[in-house]
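Tertiary structure, described
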Amino acid sequence: MGAGFSGLMAAFDAGGLGHEVIVLEAGERVGGRVWSQALVPGDDRTIVERGAEFVLDGYRELHAVVDRLGLTLASAGMSYYVREPRGGAPTDLGSMAAIARLLGQAAERVGPDTSLAEVAASFDQDPAALEACLSRLELTNGEQADVLSSAVTLGAMSGFLPIPSQRVAGGNQGIALALAARLGSAVHLDTAVTGVEHGPDGVRVRTATGTVEADAVILTIPMAVLRHLPINPAPPPRITAAWGRATLGHNAKLHIPLRAPTVPSAVLSVPHRFWTWTATDASGQVQPVLHAFGGSPQALERLEVDQGPATWARRVAELRPELDLELDAAELTTWVDNPLAGESYSVTSTSVLAEDNELLVQPFGRVLIAGEHTGAEWSGLMEGALRSGRRAASQLQGLATQ
Ligand SMILES: Cc1cc2nc3c(=O)[nH]c(=O)nc-3n(C[C@H](O)[C@H](O)[C@H](O)COP(=O)(O)OP(=O)(O)OC[C@H]3O[C@@H](n4cnc5c(N)ncnc54)[C@H](O)[C@@H]3O)c2cc1C
């Protein structure tokens, strides 16, 4: 169920293990929260990522699948990790890195059920750098510091090293398209699952147009959707309790065409909880596009994303006066109001318990669960989705031999 990275990877692996697979996808395209599109129709130089964008350090499975599918990665020419802070009290990356290190050390002392806000409140040094760090952590995690676990600061130091960033040449969705092409007629688009019944001998998966009977089902839909899926008999309460504790990030993206050439760049708006970048594509040239990513429910409300792109585009123009932006052609992508997503990705809040990673991957009966939210330390990321699909396919193998 679901043709995002996790569902397609699970199906591809399960097929490779000799299972007959059927992929049911509610949407009209594959890729889910990976969605690549030309901002200016027909102009491949303007391909943008409306969802997941950066291939980050340590993405083992993503590199492996890219190689296997004959795709390539292209340098973005800038680093996801290094963003010039603007708009707040003056600070710099060195000061931010120093505060991030201290935040990480403090988080280790208090444990993950203490919020980021509580840890930050105990700091009285360098308020400008602290505020810039909080901005960055809140927008990345799509929630405010009082909701986020202080654990989001662990490893935040790597957030300041100029590690090169990459994207899939031609668009990240190429991975989903290539996997779907190999699965062929097994992938059914426009086929929303409306309910799942399961028993010791198999499962019945209901859609608007019929019922699919199978030996097992892998549910790879986002957590925001999974919580509301009718499942009979219901999953064990300890599992649904973990589903309830999972925290849903609120993030959105904005893309604006550029009228004049520019250089690679990355700039953070400290007060408005978004960052912007210009980046190279596979041609090695900077795309004529300004990319922006913002997060937390409160920041998105202040950017008035429910009214369209205008307010955010204006804020981008204030932040980046050096760029010649075609503001009227700004394109906004929101995810929380998308019924097939309901969130941007899962985030670590104070309500998440240590045992949840294990509960989220536990099968019940012949029902298995995959998706980025089950990716443990890789959750929230394309890498987590791919790893979860592979893990679920191997669990299926265990069921088959029971
Ligand atoms: C704005 C944004 C920016 C991001 N940036 C990055 C980044 O830079 N780097 C990174 O690694 N990751 C990033 N991510 C995260 C990444 O996109 C996800 O972790 C990953 O794509 C999730 O894949 P998935 O298969 O778990 O879920 P999805 O991609 O959501 O796939 C689930 C599929 O289930 C389908 N579905 C839903 N309901 C039903 C139903 N009833 N019946 C059938 N099908 C259904 C959906 O249509 C969807 O296709 C970002 C995400 C967002 C939203």
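Some thoughts on the site of the ligand
As a matter of local geometry, the ligand sits amid 39 residues, with Gly 2, Gly 4, Gly 32, Ala 52 and Glu 372 nearest to it. Looking at the shell around the ligand, the elements with two or more residues in it are helix 1 (5-16), strand 14 (251-257) and helix 12 (382-400). No other element matches the four residues that helix 12 contributes to the shell around the ligand. Of the residues in the shell around the ligand, the class split is 20 nonpolar, 13 polar and six charged.

So, helix 10 (residues 310-319)
Burial in helix 10 covers these residues: Trp 312, Ala 313, Arg 315, Val 316 and Leu 319. End-on view of helix 10: buried residues confined to an arc of 160°, all on one side of the axis. Contact partners of the buried residues in helix 10: strand 5 (84-86), strand 14, strand 15 (265-269), strand 16 (274-278), strand 17 (289-295) and strand 18 (331-334).

Some points on the pairing of strand 14
Strand residues, when the strand is regular, have side chains that alternate between the two faces of the sheet. With seven of its seven residues buried, strand 14 lies for the most part within the structure. Judged by which residues are buried, strand 14 turns out to be covered on both faces: Asn 251, Lys 253, His 255 and Pro 257 on one side and Ala 252, Leu 254 and Ile 256 on the other are all buried. Note: strand 14 against strand 17, seven bridges, orientation antiparallel. In the sheet register, Ile 256 faces strand 17, and the bridge partner there is Leu 290.

With respect to the sheet that holds strand 8 (residues 193-199)
One open sheet holds the four strands; their spatial order is 10-9-8-12, and the pairing between them is mixed. Pairing within the sheet leaves two strands with one partner each, and these edge strands are strand 10 (210-214) and strand 12 (231-232). The pairing of strand 8 with strand 12 spans two bridges and is parallel. Residue pairing in the sheet places Glu 197 in a bridge with Asn 232 of strand 12.

Some points on the domain arrangement of the protein chain
Partitioning the protein chain into structural domains gives domain 1 (5-31 + 54-72 + 168-247 + 351-400), domain 2 (90-160) and domain 3 (250-334). The straight-line distance from the C-alpha centre of domain 1 to that of domain 3 is 31 Å.

Thresholds applied
- Residues numbered from 1 in each chain as written.
- Predicted model: local features only at pLDDT ≥ 70, side-chain atom pairs only at ≥ 80, totals over all residues.
- Near = placed C-beta within 6 Å.
- Helix = DSSP H or I, 4+ residues; strand = E, 2+ residues; numbered from the N terminus.
- Nonpolar A, V, L, I, M, F, W, Y, C, P; charged D, E, K, R; others polar.
- Buried ≥ 20, exposed ≤ 12 C-beta atoms within 10 Å, placed from the backbone.
- Arc of directions from axis to C-beta.
- Contact = placed C-beta atoms within 7 Å.
- Pairing = 2+ DSSP bridges.
- Domains from an automatic or database assignment.

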